[in-house]
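These are the residues of each chain, in order.
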Amino acid sequence: AQSVTQLDSHVSVSEGTPVLLRCNYSSSYSPSLFWYVQHPNKGLQLLLKYTSAATLVKGINGFEAEFKKSETSFHLTKPSAHMSDAAEYFCVVSNVGTSYGKLTFGQGTILTVHP
Amino acid sequence: EAQVTQNPRYLITVTGKKLTVTCSQNMNHEYMSWYRQDPGLGLRQIYYSMNVEVTDKGDVPEGYKVSRKEKRNFPLILESPSPNQTSLYFCASSSIAAEYYFGPGTRLTVL
C-alpha cells in the first residue's frame, strides 16, 4: 500500500521569499517520488523526480526536493518565489517494480504568491 | 514531438449514454493510466495498464472500463455514465522508473 499526505492545502508567500511545500509518503517498497505542477486550466507538468539516485533532486524553474527516508518526507523548496510560481502542486508516489503503474497523488497544495 | 493525446477535450452528455474517451501516446511507453480530478480530492487513479492486455484497477474503478489492445492506445469507456462521473479526466504514460507524461485533459459533464 502507498499513500501521500501534503501537509498544507494552501501556502501563501511574498514574491522573492522562500517556498516550502511539505509532503510525507508511505510505501511498502522502494518509492519513486515526483512533484508536478498544474497552472490554472492547464495540464500537469513535471517539476522533478526521485528514483533512488541522489537524495537531493533539482528540478525546473529553481525548484528542488530532498528525499529523507528516515522521515518519509519529500518536501519541495525554492529559494525565491516568482509570481509565475502561483499554481497547484502535487506530490506523487509510485513503486519501482511490477506496480510501477500505480500512482498515488497527494491532495494538492495551492501556492499563492503576493507582489 | 513526444506527447499524450486525448479526445475529446470537452464532452457534455446525458445519463446512460455510452461514451469513450481515447488516449494515445507516441513514446512506446509500457505504462498507461487514467485519472479523474475533482475539487478538493486531487487526482485519483481509475485504471492502469502495465502493457498490452495487462490492466489493473486503481482507486476508483467503479463505473469505468478500459482495454489495452495496442501499446499506444488506452481508451476509457463509460458504459452508462452518471452525473457523479462529471469530472476532469487525465491520461498518462510512462516507461519504468521514468516520469509520467500527462495528456491535456478531458472535461466531461454528465447531465
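Residues numbered from 1 in each chain as written. Chains lettered and ligands numbered in written order. Predicted model: local features only at pLDDT ≥ 70, side-chain atom pairs only at ≥ 80, totals over all residues. Heavy atoms only, no water.

> Go over the packing of aromatic side chains with me, naming the residues and quoting the values.
As enumerated under the stated definition, the model contains 12 aromatic pairs over all chains in all. Aromatic side chains Phe90(A) and Phe105(A) sit 6.0 Å apart centroid to centroid with 75 degrees between the ring planes, which places their arrangement in the edge-to-face category. Residue Phe90(A) is located in strand E10 (residues 87-95), and its partner Phe105(A) is located in strand E11 (residues 104-105); the two are separated by 15 residues in the primary sequence. Accessibility expressed as a relative area gives 8% for Phe105(A), which makes it buried. Taken together through their ring pairs, the aromatic side chains of Phe34(A), Tyr36(A), Phe90(A), Phe105(A), Tyr35(B), Tyr100(B) and Phe102(B) make up a single cluster. (Phe/Tyr/Trp six-rings, centres within 6.5 Å; stacked < 30°, edge-to-face > 60°. Helix = DSSP H or I, 4+ residues; strand = E, 2+ residues; numbered from the N terminus. Buried < 20%, exposed > 50% of the residue type's maximum accessible area, 1.4 Å probe, protein only.)

> Hey, could you go over unusual backbone geometry for me, with residue numbers and the actual values?
Put simply, Asn7(B) and Pro8(B) share a cis peptide bond, and its omega is -5 degrees. The phi angle at Asn41(A) is positive, at roughly 60 degrees, despite the residue not being glycine. On the secondary structure map, Asn41(A) appears in the loop between strand E5 (31-38) and strand E6 (44-50). The exposed category is assigned to Asn41(A), whose relative accessible area is 78%.

> Tell me what's going on with the side chain of Ser24(B), and back it up with residues and numbers.
All names here are of chain B. Mapped onto the fold, Ser24 is located in strand E3 (residues 19-25). By relative accessible area, Ser24 is classed as buried at 16%. A polar side-chain atom of Ser24 sits 3.0 Å from a polar atom in the side chain of Asn73. Not counting the four nearest positions on each side in its chain, Ser24 is found in contact with Gln3, Val4, Thr5, Arg72 and Asn73. (Polar contact = N/O pair within 3.5 Å; in protein donor to acceptor, adjacent residues only side chain to side chain. Contact = heavy atoms within 4.5 Å.)

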